[in-house]
Amino acid sequence: MGAVNSIQDRNSSSSFLKENRVTLLEVLDRALTKGVVISGDIVISLADVDLIYVGLKLLVSSVETMERLRGAPMSGNREEPT
Amino acid sequence: MAMYVYGIIDSNDKIDAFVTGLDGVGVYNIPYRDIGALASDLDTPVRDTDEERVLEHETVLEKMIECFTVLPMRFLTVFNEKNNVISMLNEHYNDFREDLDRLHDKTEFGIKVIWPGAVIREKIANAYSKAQVSVPSPDDSPGKSFVKKKFETYKINKEFEEEADRRIAVIDNFFNRNVCEKKLERLKTENMLLNASYLVDNEKQNDFKKAFEEMRAFAGDLKYLFSGPWPPYNFVTKTNTRHDRE
Amino acid sequence: MSKIVETNAIDAFFEETEKLQKALPKKIDANPQNVEAGLAKLVLTLIELIRKLMEKQAMRRVEAGSLSEEEIERIGETLMKLENKMKELKGVFGVKDEELNINLGPLGDLM
């Protein structure tokens, strides 16, 4: 894009850029958050919703790991955190 | 060689490469009974933040809605092989078929409206403090003054949201007769009064656009954004489905 | 791409859609540190949701006039403690208010 000289040019090109940006965000909003959702074979990304599944699994597996390392299941006789 | 899937169409025709998709590769149809999955071969990895690829995804769908009813897939639906796509189509056939029938000859449009949220909130806050019922006093205990403060915010918010609902109802009223389905979102941000998606029968598109012009004339100082035609992202019912392969 | 986007206020929409961009799914790194931070955010978001719901419920009861003076006093103190505790937790985990807004799909934005 060449140098913009007149104020008018600058305004209309910035308007043009803003329109492009707004249009892009309209597309992104639909294509990234709506539509048919089928998790395919290759999980390339984790959407915010998927993080919950990962989070819960992580939580469960980390508790199990801790129990293993301590050699006993965690009982209810711990001190309540204040 | 993976397969990128763009959407589901109501056709089992062999469509070959009259549209190109991601990586400039030809899009084809994977048929199953009387529907099909639009796909293309995917060689290179795709990041979920790849905006250019999202645009390519969208371009394919927009060309396709000119000829078919399309259920658009969310961006980045990829399968390892054709059989997996077919078993996916088999598993969800009934839902896809229902959606395709429901969305046949219909188009999605978007209308966003901006209002002066901060100004309106201030007006409500001023009116509230003028009509002050429970005036905070220095004798109040901390618990009580906390409640009073929170209550004031609560009342102002409530009035603000009710005002938004009133204005949205007026706006939406312009379109009711001309739409099949709608999705209205109120106050996505303080200034984004309305984010609406409307599903319009193709035959009523002109009426819908006329209704929009009427609304514009009526709305005066409101700011609007009209977008479309879109593939019906907001009106497919199959969402958040985990494809059970395990 | 032949998309019609028509507006009478491009600047206003540019400003608002930039704000909304924060609501789009973010890239999540799979490295362990970030997954933990993500988990902290998730837990705090859920706690914050419950806290805000409790606050709202309390306000509804105040509005309905169904609370005695002592009840209002007790609720006020409890809500105050909860709010302070949340501020503390956010500080501990280095999480800002804007970050505690996860889109839970069909439940929509929580707050």
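Above this note sits the structure.
Residues numbered from 1 in each chain as written. Chains lettered and ligands numbered in written order. Predicted model: local features only at pLDDT ≥ 70, side-chain atom pairs only at ≥ 80, totals over all residues.

## Here's the deal with the overall build of chain A
Across its full length, chain A carries two helices and zero strands. With 82 residues in all, chain A has 23% of them scored as buried. (Helix = DSSP H or I, 4+ residues; strand = E, 2+ residues; numbered from the N terminus. Buried ≥ 20, exposed ≤ 12 C-beta atoms within 10 Å, placed from the backbone.)

## Some words on the packing of helix H5 (residues 142–173) of chain B against helix H3 (residues 69–93) of chain C
Contact geometry of H5 of chain B with H3 of chain C gives a least axis separation of 7 Å together with a crossing angle of 80°. Classified by the angle between their axes, H5 of chain B and H3 of chain C sit roughly perpendicular to one another. Between H5 of chain B, through Pro142, Gly143, Lys144, Phe146, Val147 and Lys150 of chain B, and H3 of chain C, the contact on the second element is made entirely by Ile72, Glu73, Arg74, Ile75, Gly76, Glu77, Leu79 and Met80 of chain C. Of the residues assigned to the contact of H5 of chain B with H3 of chain C, the class counts are seven nonpolar, two polar and five charged. (Axes fitted to C-alpha atoms, helices over the stretch in contact; angles between N-to-C directions. Parallel < 35°, antiparallel > 145°, perpendicular 65-115°, else oblique. Contact = placed C-beta atoms within 7 Å. Nonpolar A, V, L, I, M, F, W, Y, C, P; charged D, E, K, R; others polar.)

## Digging into helix H2 (residues 82–91) of chain B
Residues and elements named next belong to chain B. For H2, the full list of buried residues reads Val85, Met88 and Leu89. On an axial view of H2, the arc spanned by its buried residues comes to 100°, and they lie on one face. H2 presents Asn83 and Asn90 as exposed residues on the side facing more than 90 degrees away from its buried surface. At its buried positions, H2 is contacted by strand S1 (2–9), strand S3 (26–32), strand S4 (35–42), strand S6 (78–79) and helix H3 (93–103). (Arc of directions from axis to C-beta.)

## Some points on the sheet that holds strand S10 (residues 223–230) of chain B
Spatial strand order, S8(B)-S9(B)-S7(B)-S10(B)-S1(C): five strands in an open sheet with antiparallel pairing. Every other strand in the sheet has two partners, leaving strand S8 (181–186) of chain B together with strand S1 (4–7) of chain C as the edge strands with one partner each. On average, adjacent strands in this sheet sit at an angle of 10° to one another, irrespective of strand direction. With nine bridges connecting them, strand S7 (residues 106–114) of chain B and strand S9 (residues 192–201) of chain B associate as antiparallel partners. Within S9 of chain B, the position partnered with Gly110 of chain B by the bridge is Ser197 of chain B. (Pairing = 2+ DSSP bridges.)

## What about the interface of chain B and chain C?
Facing 28 residues of chain B, the contacting portion of chain C comprises 28 residues. Counting only elements with at least two residues in the side of chain B that touches chain C, the list comes to helix H1 (51–64), S7, H5 and S10 of chain B. No other element matches H5 of chain B, which puts eight residues into the side of chain B that touches chain C. For S10 of chain B and S1 of chain C, the ladder comprises four bridges, and the chain directions are antiparallel.

## Things to note about the nonpolar core
Val5, Tyr6, Leu38, Ala39 and Val85 of chain B are the most contacted members of the largest nonpolar core, which has 69 residues in total. Ignoring anything within four residues of it in the chain, the contact list for Tyr6 of chain B reads Gly21, Val27, Leu38, Ala39, His57, Val60, Leu61 and Met73 of chain B. Formed by seven residues, the second largest nonpolar core is a distinct cluster that contains Ala58, Met59, Ile72 and Ile75 of chain C. (Core = buried A, V, L, I, M, F, W, Y, C linked by C-beta atoms within 7 Å.)

## A closer look at the pairing of S7 of chain B
Residue and element names in this part refer to chain B. The element S7 is extensively covered by neighbouring structure, given that eight of its nine residues are classed as buried. Of the strand pairs in this sheet, S7 and S10 are connected by six bridges, and their pairing is antiparallel. Paired with Ile114 across the strands is Lys223, a residue of S10.

## Notes on the packing of helix H4 (residues 117–130) of chain B against H5 of chain B
Residue and element names in this part refer to chain B. Interaxial distance between H4 and H5 falls to 10 Å at its minimum, and their mutual angle equals 130°. Classified by the interaxial angle, the pair formed by H4 and H5 is oblique. You can see that H4 and H5 cross each other, and the crossing is right-handed. Side by side, H4 and H5 meet where Ile120, Arg121, Ile124, Ala125 and Tyr128 of the first sit next to Glu152, Lys155, Ile156, Glu159, Phe160 and Glu163 of the second. (Left-handed = near helix turned anticlockwise from the far one by under 90°.)

## Observations regarding the environment of Glu71 of chain C
Along the chain, Glu71 of chain C turns up in helix H3. Along the primary structure Glu71 of chain C and Leu53 of chain C are separated by 18 residues, whereas in three dimensions their C-alpha atoms are 18 Å apart.

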